[in-house]
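Tertiary structure, described
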Amino acid sequence: MVSHSELRELFCAADAVCFDVDSTVIREEGIDELAKFCGVEDAVSEMTRRAMGGAVPFKAALTERLSLIQPSREQVQRLIAEHPPHLTPGIRELVSRLQERNVQVFLISGGFRSIVEHVASKLNIPPTNVFANRLKFYFNGEYAGFDEMQPTAESGGKGKVIKLLKEKFHFKKIVMIGDGATDMEACPPADVFIGFGGNVIRQQVKDNAEWVSPVWILGVDLALLIKSC
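Residues numbered from 1 in each chain as written. Predicted model: local features only at pLDDT ≥ 70, side-chain atom pairs only at ≥ 80, totals over all residues. Heavy atoms only, no water.

What counts is decided by this rule: UniProt positions are given in the numbering used here, feature names are shortened, and annotations may be inferred rather than shown by experiment.
Within an unreviewed UniProt entry, the label attached to the protein chain reads Phosphoserine phosphatase, and the organism entered is Equus caballus. Regarding the protein chain, the relevant UniProt record gives this comment under Sequence similarities (unreviewed entry): "Belongs to the HAD-like hydrolase superfamily. SerB family." In its Cofactor (unreviewed entry) section, the UniProt entry covering the protein chain states "Mg(2+)".

As structure tokens, this is what we get:
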């Protein structure tokens, strides 16, 4: 556990902060909520648990889960309208504080862009700062797969996004905050990884985060991060 002073130094020196979305910015796992909405919750939830723990390559897990769900465009739209994701307590204030300090905030997610953009709109994060997977649909709205060319569609994809952000904007220090193995893998090129355990604790992240980065915050209170800046 890092001290408050170390957290202040690491977190507040950042000129960009990248957040995972599912189980970090929001309380839920978006793909599990979509599976529940489509009636295949149990099978998909177990796949999500294994994927987030790093036991299965991300693209393989995503392909397998979506082949079970087969979501239509209408189902995705209804999910967002009828069961919108719940923001993690404190995240709205944290993002607002970062934006007041002119820190760039990005959402980098292995979830679906339509859902993540909805979350971004609630946090005043522009769509250009959203990186997530795109679902594909046939002309009649039926599921047609996902865009496998998106970097977030595979293991290591979040790191690729951060590398691109550094090259494009010349950020000196990027902080990555998330709960899963794919978030931990993004450091490096992220300069700091903060493991967020406020919604769910991933054992692999808990056991290995210190090896990836000197920072591991288990069950971190987002209010503490707000006060650090």
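There is more to say, and it comes next.
1. Re the packing of helix H2 (residues 30-38) against helix H4 (residues 58-69)
Here is the rule we go by: Angles run from 0 to 180 degrees between N-to-C directions of axes, and those axes are lines fitted to C-alpha atoms, restricted for helices to the stretch in contact. For the purposes of this entry, the term helix denotes a DSSP run of H or I that reaches at least four residues, the term strand denotes a run of E that reaches at least two, and both are numbered from the N terminus. Here the angle decides the label: under 35 degrees means roughly parallel, over 145 means roughly antiparallel, 65 to 115 means roughly perpendicular, and every other value means oblique. Two helices that cross are described as forming a left-handed crossing if the nearer one is turned anticlockwise from the farther one by less than a right angle, and a right-handed crossing if clockwise. Whether two residues touch is decided by their heavy atoms; if any such pair falls within 4.5 Å, the residues are in contact. Residues are sorted three ways: Asp, Glu, Lys and Arg are charged, Ala, Val, Leu, Ile, Met, Phe, Trp, Tyr, Cys and Pro are nonpolar, and all the rest, Gly among them, are polar.
Two numbers describe how H2 lies on H4: the axes approach to 10 Å, and their chain directions differ by 20°. Taken as axis vectors, H2 and H4 run roughly parallel relative to one another. The hand of the H2/H4 crossing is left-handed. Mapping the contact onto sequence places Ile31, Leu34, Ala35 and Cys38 in H2 and Leu62, Arg65 and Ile69 in H4. Among the residues making up the contact of H2 with H4, the classes are represented as six nonpolar, no polar and one charged.

2. Quick notes on the pairing of strand S6 (residues 174-178)
What counts, and what does not: Here the term buried applies to any residue with accessible area under 20% of the maximum for its type, exposed to any over 50%, and partly exposed to those in between, with areas from a 1.4 Å probe on protein chains only. A pair of strands is treated as paired once DSSP finds two or more bridges between them.
When you tally the buried positions in S6, you get five out of five residues, the bulk of the element. Residues Ile174, Met176 and Gly178 line one face of S6 and the alternating positions Val175 and Ile177 line the opposite face, and both faces are buried. Bridge analysis of strand S1 (residues 16-19) against S6 gives four bridges, and the strand direction is parallel. Each bridged residue has a counterpart across the sheet, and for Ala16 the counterpart in S6 is Ile174. Here S6 pairs with strand S7 (residues 192-195) via four bridges, running parallel. Each bridged residue has a counterpart across the sheet, and for Met176 the counterpart in S7 is Phe193.

3. Describing the layout of surface pockets
Put simply, the rule is: Only protein atoms enter the 1 Å grid, on which a cavity is a set of points fitting a 1.4 Å probe that cannot get out and a pocket is an open set with protein on both sides within 12 Å along at least 5 of 7 lines, lining residues being those with an atom within 4 Å of a point. Grid points are joined across faces, edges and corners, and a volume is the space filled by probe spheres set on the points.
Considering only enclosed or pocket space, the largest pocket measures out at about 180 Å³ in volume. Looking at the largest pocket, the residues that line it are Arg73, Val76, Gln77, Phe112, Arg113, Ser114, Asn133, Arg134, Leu135 and Phe137. Listing elements by their share of the lining of the largest pocket, those giving two or more residues are helix H5 (73-82), helix H7 (113-122) and strand S4 (135-137). Here the lining of the largest pocket gets three residues from one element, more than from any other, and that element is H5. Split into classes, the residues belonging to the lining of the largest pocket amount to four nonpolar, three polar and three charged.

4. Remarks on H5
Heads up, the rule is: An arc is given here, and it is the one of the directions from the helix axis to the C-beta atoms.
Residues of H5 that are buried include every one of Val76, Leu79 and Ile80, and no others. Summarising the axial view, the buried residues of H5 lie within an arc of 95°, below the 170-degree limit, and thus occupy one face. More than 90 degrees from the buried face of H5, the exposed residues found are Glu74 and Ala81. Contacts made by the buried residues of H5 are with H2, H7 and S4.

5. Digging into the nonpolar core
Going by this rule: Nonpolar cores were defined as sets of buried Ala, Val, Leu, Ile, Met, Phe, Trp, Tyr and Cys residues, with membership established by side-chain atoms within 4.5 Å.
Counting 26 residues, the largest nonpolar core has Val17, Phe19, Val25, Leu98, Leu107, Val175 and Ile177 as its most contacted members. Contributions of two or more residues to this core are made by S1, helix H6 (91-100), strand S2 (104-112), H7, strand S3 (130-133), S6 and S7. The element contributing the most residues to this core is H6, with four residues. Apart from residues no more than four positions distant in its own chain, Val175 is found in contact with Leu10, Phe11, Ala14, Ala16, Val17, Cys18, Val192 and Ile194. If you look at the next biggest cluster of nonpolar residues, it comprises 17 residues, including Ala35, Leu62, Ile69 and Val76.

6. Thoughts on the side chain of Ser109
Put simply, the rule reads: Counting of polar contacts relies on pairs of N or O atoms within 3.5 Å, with two restrictions inside protein: one atom must be capable of donating a hydrogen and the other of accepting it, and residues adjacent in sequence are counted only when both atoms are side-chain atoms.
With respect to the secondary-structure elements, Ser109 resides in strand S2. With relative accessibility at 1%, the residue Ser109 sits in the buried group. Side-chain polar atoms of Ser109 contact the backbone nitrogen of Gly111, separated by 2.7 Å. Beyond its immediate stretch of four places on either side in the chain, Ser109 contacts Val21, Asp22, Val116, Phe131, Ala132, Asn133, Thr152 and Lys158.

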